[in-house]
Structures are given as structure tokens and as C-alpha cells.
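Understanding the architecture of this molecule
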Amino acid sequence: MTRYEQLAQQLREQIRTGVWQEGDKLPSLRETVRRSGLSLMTVLSAYQLLESQGWVRSRPQSGYFVAPAREATRYSLP
């Protein structure tokens, strides 16, 4: 599993367990880079993967936010 997939999996689990609720803003890309020690491109790839799976939505100039549960493919993912 790649580093971006690992990060995406961690964030998905946090959403599943209620650490992040619908509508919550996720930490910025730069904040996640700082906390995780991963590269900006790795973090961006993880956020984009979550967005493509319906877990988060991006808002230009605002960041990434947890999407409503009905949008995510939550039950088909490990």
C-alpha cells in the first residue's frame, strides 16, 4: 500500500469513527504535511483519492470538507 493510500485509509477511519463529522473541515494540506512528515504531493493524492470516493469535497480556496454520508462509497471499502 502506498503512503497516500495509507493516509487516505487513516482519514477514512477517522471519518467512520466520528473524529471528523459531516461538514467538518479537514486540516489543510500544509498542516497535514507538517503533522505527518509526508510530501505535499502525497497528501494531495490522499485527499484527492478521498474526494474521488465521495468521502470529502473540495471547495476552491477553502479546503477539504467531510461529505455527507450518502455521497461516500463507505460500505464497499475495507
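A brief structural summary. (Residues numbered from 1 in each chain as written. Predicted model: local features only at pLDDT ≥ 70, side-chain atom pairs only at ≥ 80, totals over all residues. Heavy atoms only, no water.)

This part covers the pattern of salt bridges. Counted under the stated rule, the structure contains 3 salt bridges. The salt bridge involving R16 is made with E13; its shortest N-O contact spans 3.5 Å. On the criterion of helical spacing, the pair formed by R16 and E13 is a turn pair, its members being 3 residues apart in helix α1 (residues 3–16). Notably, a salt bridge pairs E31 with R34, separated by 2.7 Å at the nearest N-O pair. (Salt bridge = Lys/Arg side-chain N within 4 Å of Asp/Glu carboxyl O. Helix = DSSP H or I, 4+ residues; strand = E, 2+ residues; numbered from the N terminus.)

Attention now moves to the packing of aromatic side chains. Tallied over the full model, the rule gives 1 aromatic pair. Look at Y47 and Y64: their rings are 5.0 Å apart centre to centre, the planes differ by 85°, and that puts the pair in the edge-to-face class. Residue Y47 is found in helix α3 (residues 40–52), and its partner Y64 is found in strand β2 (residues 63–66); the two are separated by 17 residues along the sequence. There is no split in this pair, since Y47 and Y64 are both buried. Above the face of the F65 ring, R59 is positioned so that its terminal group lies 3.8 Å from the ring centre. (Phe/Tyr/Trp six-rings, centres within 6.5 Å; stacked < 30°, edge-to-face > 60°. Buried < 20%, exposed > 50% of the residue type's maximum accessible area, 1.4 Å probe, protein only. Lys NZ or Arg CZ within 6 Å of the ring centre and 35° of its normal.)

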